[in-house]
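Summary of structural features
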Amino acid sequence: MANTAHAHAAEPAGETRRDFLLYTATGVAAVGGAMMVWPLIDSMNPAADTLSLSTTEVNVAGVAEGSRVVVMWRGTPVFVAHRTAAEIEAAEKVNISELRDPQKDEARVQKPEFLIVSGVCTHLGCVPLGSKATDPKGEFGGWFCPCHGSQYDTSGRIRLGPAPKNLEVPPYKFTGDTTVLIG
Amino acid sequence: MSTEKTRLQRIFEWHEARLPLVGFIDHAVGTKYPAPKNLNYFWNFGFLAGFMLLTMIMTGVFLAMNYTANIHMAFDSVERIMRDVNFGWLIRYMHSNGASFFFIVVYIHIFRGLYYGSYKSPREVLWWIGVIILILMMATAFMGYVLPWGQMSFWGATVITNLFTAIPVVGKAITTLLWGGFSVDNPTLNRFFALHFLLPFVILGVVFLHIWALHIPGSNNPLGIEAAPGDKIPFHPYYTAKDAFGLGVFLLVYFSVVFWAPNMLGDPVNYVKANPLVTPASIVPEWYLLPFYAILRSIPDKLLGVIAMFGSLLLLFVLPWLDTSRIRSATFRPIYKILFWVLVVNMIVLGWCGAQHPEGLPLILSRIGTFWYFFHMIILLPVVGWIETPKPLPASISQPVMAAQPAE
Amino acid sequence: MRKVLFGAVAALALSLPLAAMSAEEEIHLPKQEWSFNGVLGKFDKQQVQRGFQVYKEVCSACHSLQYFAFRNLADLGYSEAQVKTLAATYEIQDGPDDNGDMFKRKGKASDYMPKPFANDQAARASNGGALPPDLSLMTKAREGGPDYVYNLLLGYEDTPPAGVTLMPGMNYNKYFPGHQIGMAKQIQDGLLTYADGAPNDAAHIAKDVTAFLHWVAEPKLEARHDTGVRVILYTLLFTVLAYLAKRQIWSRIEH
């Protein structure tokens, strides 16, 4: 580097133009290099086939009242719970001002008897227990995450433990009385 | 320049005192590397080869993120890269054509060395390392070509691995070991992928040795005479600028092929999924291996053919001693200059023969070509070195350069 | 330097007769005009859509198109609703369901074109032992590319030339390597009526379906050409600047 500077100093005539040329050429090369890197980075984003597969259809007719099933959506579990009247009531009567992530139950369901939430704990991504009849469901009758002890209620809201947010509600719609399209 | 140092400069100097990273680069390809001032554009190709190695590693790593090394999924995963992965088509075409351009650049680099006698004392070890890089490149390219698992991938792999069966006694066992089975199959593909990923980094390491070995004697030059200190200029900015321009011209050609003729250098048959029951009408390796393939097929004996093929490469290791002339540059060697061009034509003819069915004219030509290659290397080079009367050498680089107009 | 360059060019020129010799045996394929050729070549979307109709109504009876997904049609100008409607006309095997059985359902945009035969054996059994190849890469998998496919489709001759005995079940084709092909002549004048009313003589049909197949084989061709022009222009700019900078720098010393 130093030598270049000396060379410049030794020959002041035309220096401005030379510097301009050098800087422009270097700049164009640097920008070009950066532009070649973008395709490489972008190739790591979801590919067209991955994006097109991002819906899952579920038939909830087979989910008995009081039971829960787990379905796959985008490679992660989604909990589908057919809630009992007691579970719905418990979820609705909670005073939301006491919640860490205040959300009314009706804002989290489309049909009160079916709760559809992502099965990924908002703490660090484990799958909470509670979908099988024999699973521990935690103090609030919802889900219990075995990794760090987060507890969710019958609306999938965080009630106890380190998780900061409620279980996420994925985009979904009822395409028939008992068929749900997630995604 | 003021003597007062900015904070940034002081941090830089603190770091350089502990690990002179910038100084290392500066000595390798910067202001601290004095290079002869008369290097012509053929000296660009070393830099271009380094550039292509990095391009291949970069594109290759990102391809590997989307590739599946399993015989049932490899072909499909490559098509997924071409169709669904963002810019996958670009990365793959840059990689597949990049292999060809890497070889074009390296072959020109090698023939430049042959013409200007860059392999001669004191650069023998530099030359050896170069030959090692060439052999590693061939192995890497061959295994890379197997990965898409097309018809030519499969049958190329079958033919080349079968070469090892020519080795007496242990040949069969070696081949079984290479395959991990009794034919080219899933274990073969899997290990070829692992090696294809590994070898480029080995090449990168050997390239560092190549550059290190270059810096002991310094660059040769078109006149082949020792460059006096006064005839040297710092690599940066003179040759970095020259290489940058050369890179631009090279990229124009490379990109033209990538964007408008990406399948020109490939074989259409490789867009058909591998089928172990059907051999394609003719099995040809990629163009850069054709001359050696022609040497292999020119000899009717299996073992001798394999020996001749590997021998033609290994012979390059002793080239510095086969050439008995102490004059480096062909510019001052009237007979060698002719022989050099005959050898170039010979290699092109051999390459052509390698793509034809080994019968009739191509077979005759490939036998003549094979004979000539070895005759050139083993007989002509030593003999010409003894009998040739070289033209008078210039006293220094400046003398002829100043007499004539710039040679570029 | 100049002399060496001259030598290199001469060496290449000397080798040219070889290239001519190797071309001797090949079957001559009459070259066609394709909208996708050339520096800025693009697919003629109408033509490719017509070709898709030909594939659907004729080729798909025997030939699969395994890398073609219905969602790809969006690139041809189909709307999302059109793609969904079209996909829904196909039955896709899915499963297993909760009882462990495979079942049929309507196609979705993300589904791939279903194959005409369950497996290669079934395909051979229905085609006199010959396997109709998958067509998704056909224009790239044959020497001559789209020109080959086009000429092959039209290259049938009802009576083989004198001295050629056809094997049973084979057909004579001028452009097929070996001239004996399992597939019978398919493309004829008026074979189908196009939705857009375009000419439907044999030559046009062959051309349309070939254009479609090339689109399926190389769906990123337009993106490639577009990106290519930009990259080349940018590289050209860099090369000129690098040359000027190099000249400036080298003007400091005598060389």
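Residues numbered from 1 in each chain as written. Chains lettered and ligands numbered in written order. Predicted model: local features only at pLDDT ≥ 70, side-chain atom pairs only at ≥ 80, totals over all residues. Heavy atoms only, no water.

Along chain C, the regular secondary structure elements total eight helices and five strands. The helix and strand sequence of chain C, counted from the amino end, reads α-α-α-β-β-α-α-α-β-β-β-α-α. For chain C, whose C-alpha radius of gyration is 25 Å, the value lies well above the compact-globule estimate of 18 Å for 255 residues. Principal-axis analysis of the C-alpha atoms gives chain C an extent of 85 × 55 × 40 Å. Partitioning the intrachain contacts of chain C with sequence separation of at least 6 by distance along the chain shows that 60% fall at a separation of at least 24. A total of about 13700 Å² of accessible surface is found on chain C, and carbon and sulfur atoms cover 56% of it. (Helix = DSSP H or I, 4+ residues; strand = E, 2+ residues; numbered from the N terminus. Rg over C-alpha atoms; globule rule 2.2 N^0.38 Å. Contact = heavy atoms within 4.5 Å. Areas by Shrake-Rupley, 256 points an atom, 1.4 Å probe, with all protein chains shown as cover.)

All right, on to the interface of chain A and chain B then. If you look at the interface, chain A gives 18 residues, while chain B gives 18 residues. Taken together, the two surfaces of chain A and chain B that pack against each other cover about 1500 Å², and 67% of this comes from carbon and sulfur. Counting every contact that joins chain A to chain B gives one salt bridge. Across the contact surface, chain A and chain B share five residue pairs in polar contact (both at pLDDT 80 or more). Counting residues per element, the ones that place at least two in the side of chain A that touches chain B are helix 1 (2-10), helix 2 (15-42) and helix 3 (48-52) of chain A. If one sorts the elements of the side of chain A that touches chain B by residue count, helix 2 of chain A sits on top with six residues. Here the residues of the side of chain A that touches chain B sort into 11 nonpolar, five polar and two charged. (Buried area = accessible area lost by both parts, 1.4 Å probe. Salt bridge = Lys/Arg side-chain N within 4 Å of Asp/Glu carboxyl O. Polar contact = N/O pair within 3.5 Å; in protein donor to acceptor, adjacent residues only side chain to side chain. Nonpolar A, V, L, I, M, F, W, Y, C, P; charged D, E, K, R; others polar.)

All right, on to empty space enclosed by the protein then. Residue and element names in this part refer to chain B. Inspection of the entire model under this criterion finds five cavities of 30 Å³ or more. Of the pockets and cavities examined, the largest cavity occupies roughly 150 Å³. Phe142, Tyr145, Gly156, Ile160 and Pro285 are the residues nearest the centre of the largest cavity, which is lined by 17 residues in total. Elements with a minimum of two residues in the lining of the largest cavity: helix 6 (124-146) and helix 7 (151-162). When residues of the lining of the largest cavity are assigned to their parent elements, the largest contribution, six residues, is made by helix 7. (1 Å grid on protein atoms, 1.4 Å probe; cavity = no way out; pocket = protein on both sides within 12 Å on 5 of 7 lines; lining within 4 Å. Points joined across faces, edges and corners; volume = space filled by probe spheres on them.)

Glancing now at the sheet that holds strand 7 (residues 158-160) of chain A. All names here are of chain A. Taken together, the three strands give an open sheet; going across it, the order is 5-6-7, and neighbouring strands pair in antiparallel fashion. In the strand order of this sheet, the two ends are held by strand 5 (141-144) and strand 7, each with one partner. Neighbour-to-neighbour, the strand axes of the sheet open up by a mean angle of 40°, direction not taken into account. Judged from the two bridges that link them, strand 6 (residues 151-153) and strand 7 form a sheet pairing that is antiparallel. Along strand 7, the bridge assignment pairs Tyr152 with Ile158. (Pairing = 2+ DSSP bridges. Axes fitted to C-alpha atoms, helices over the stretch in contact; angles between N-to-C directions.)

Residues and elements named next belong to chain B. As assigned here, chain B comprises domain 1 (18-283) and domain 2 (287-389). Taking only C-alpha atoms into account, the centre of domain 1 sits 22 Å from that of domain 2. If you look at the interface, domain 1 gives 41 residues, while domain 2 gives 34 residues. Together, the buried faces of domain 1 and domain 2 total about 3300 Å²; carbon and sulfur atoms form 71% of this surface. The three residues of domain 1 that bury the most area against domain 2 are Tyr115, Lys120 and Leu163, which together make up 21% of that side's buried surface. The tally of links between domain 1 and domain 2 comes to two salt bridges. The residue Lys120 makes a salt bridge to Asp323 at a minimum N-O spacing of 3.1 Å. Of all the secondary-structure elements, those providing two or more residues to the side of domain 1 that touches domain 2 are helix 5 (88-115), helix 6 and helix 7. (Domains from an automatic or database assignment.)

Turning our eyes to something else, we now look at the interface of chain C and chain B. Residue-level contacts link 52 residues of chain C with 51 residues of chain B. In this assembly, chain C and chain B are joined by one salt bridge. Across the chain C-chain B interface, the total number found is 10 residue pairs in polar contact (both at pLDDT 80 or more). Looking at the side of chain C that touches chain B, the elements with two or more residues in it are helix 1 (2-22), helix 5 (138-141), helix 7 (202-217) and helix 8 (221-250) of chain C.

All names here are of chain B. Where helix 11 (residues 290-298) meets helix 14 (residues 334-354), the axes come as close as 7 Å, and the angle between the chain directions of the two elements is 70°. One finds that helix 11 runs roughly perpendicular with respect to helix 14. On helix 14, the residues that touch Leu290, Pro291, Tyr293, Ala294, Ile295 and Arg297 of helix 11 are Met347, Leu350, Gly351, Cys353 and Gly354. Class assignment of the residues belonging to the contact of helix 11 with helix 14 gives a composition of eight nonpolar, two polar and one charged. (Parallel < 35°, antiparallel > 145°, perpendicular 65-115°, else oblique.)

When the charged atoms of two side chains with opposite charge come close together, those side chains can pair. Using the criterion set out here, one finds 23 salt bridges over all chains in the structure. Lys32(B) is the salt-bridge partner of Asp26(B), the closest N and O atoms lying 3.3 Å from each other. Residue classification places Lys32(B) among the partly exposed residues on the basis of a relative accessible area of 45%. When the shortest N-O distance is used, the salt bridge between Lys42(C) and Asp226(C) registers 3.2 Å. Pair noted here: Lys42(C) is in the loop between helix 1 and helix 2 (45-57) and Asp226(C) is in helix 8, with a separation of 184 residues, a long-range link. You can call Lys42(C) partly exposed: its relative accessible area is 35%. Overall, the relative accessible area of 30% leaves Asp226(C) in the partly exposed class. (Buried < 20%, exposed > 50% of the residue type's maximum accessible area, 1.4 Å probe, protein only.)

Right, let's get into helix 5 of chain B. Residue pairs three or four apart in sequence face the same way in an α-helix, which turns once every 3.6 residues. All names here are of chain B. In a regular helix each residue adds 1.5 Å, so 28 residues correspond to 40 Å; helix 5 covers 40 Å between its end C-alpha atoms and thus fits that length. Taking the largest bend as the criterion, helix 5 deviates by roughly 35°, centred on Gly98. For helix 5, the buried fraction is high: 23 of the 28 residues fall into the buried class. Directly after helix 5, the chain includes Gly117, whose backbone phi takes a positive value near 65°. (Expected span 1.5 Å × (residues − 1). Bend = angle between axes of the 7 residues up to and from the residue.)

Bringing a nonpolar patch on the surface into the picture now. All names here are of chain B. Together, Ile335, Ile378, Ile379, Val383, Trp386 and Ile387 make up a nonpolar patch on the protein surface, roughly 580 Å² of accessible area in all. Broken down by element, the residue count for the nonpolar patch peaks at five residues, all from helix 15 (residues 360-387). Within the secondary structure, Val383 sits in helix 15. (Patch = residues over 30% accessible without salt bridge, like charges linked within 9 Å, V, L, I, M, F, W, Y side chains within 5 Å.)

So, on to the pairing of strand 4 (residues 114-118) of chain A. Residue and element names in this part refer to chain A. Within strand 4, five of the five residues are buried, which leaves the element mostly enclosed by the surrounding structure. A two-sided burial pattern is seen for strand 4, the buried positions comprising Phe114, Ile116 and Ser118 on one face and Leu115 and Val117 on the other. Of the pairings in the sheet, the one linking strand 3 (residues 76-82) to strand 4 comprises five bridges and is antiparallel in character. The residue bridging Phe79 from the neighbouring strand is Val117, located in strand 4.

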